[in-house]
Amino acid sequence: MKVPDKLDQGLEREFLRTAAIEGRVSGFVEAVNVHDQSVMYIYPVMLPVRIACHFPPGLLDIVRRSVKRYTTVSGLQTYEEPSPFPTRIDVEAIEVQPP
């Protein structure tokens, strides 16, 4: 059974709008907010965006060390249409590079 083109395009657009994949992003951590939720913002060197990185409370000490440092975060990346860049990462691991 063939899926009609219009429906196929709609499904593809919806998938891309809500896509989430595992990945890593590196950049500088410039802001942290732990008021209502634990989130840090990473600014990748080569991307024109900041990415909200939501982290579990157990990573707070590492996040503190990452401020103003080149850092790599790994986790589930969420994308929002039409951006080709992740808008959110649910952090599983953080690597802070030496100064």
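For the structure, see preceding data.
Residues numbered from 1 in each chain as written. Predicted model: local features only at pLDDT ≥ 70, side-chain atom pairs only at ≥ 80, totals over all residues. Heavy atoms only, no water.

Visitor: I'm lost on the packing of aromatic side chains in this one. Help?
Guide: The full count for this structure, using the stated rule, is one aromatic pair. Note on Phe28 and Tyr70: the rings are 5.4 Å apart at their centroids and 65° apart in plane angle, and the pair reads as edge-to-face. Highlighted residues: Phe28 in strand 1 (residues 20-33) and Tyr70 in strand 4 (residues 70-79), separated in sequence by 42 residues. Among the residues examined, Phe28 registers a relative accessible area of 33% and is labelled partly exposed. Residue Tyr70 is classed as partly exposed on the basis of its relative accessible area of 34%. Over the ring of Tyr41 we find Arg50; its NZ or CZ atom is 4.0 Å from the centre of that ring. (Phe/Tyr/Trp six-rings, centres within 6.5 Å; stacked < 30°, edge-to-face > 60°. Helix = DSSP H or I, 4+ residues; strand = E, 2+ residues; numbered from the N terminus. Buried < 20%, exposed > 50% of the residue type's maximum accessible area, 1.4 Å probe, protein only. Lys NZ or Arg CZ within 6 Å of the ring centre and 35° of its normal.)

Visitor: What's the story with the nonpolar core in this structure? I'm lost.
Guide: Generally speaking, nonpolar side chains in soluble globular proteins are found buried as a group. Judged by nonpolar contacts, the single largest core of 13 residues is most densely connected at Met40, Ile42, Cys53, Val73, Ile89, Val91 and Ile94. The element best represented in this core is strand 5 (residues 86-96), accounting for three residues. Residue contacts for Cys53: discarding those within four places in its chain leaves Ser38, Val39, Met40, Ile42, Val73, Ile89 and Val91. (Core = buried A, V, L, I, M, F, W, Y, C linked by side-chain atoms within 4.5 Å. Contact = heavy atoms within 4.5 Å.)

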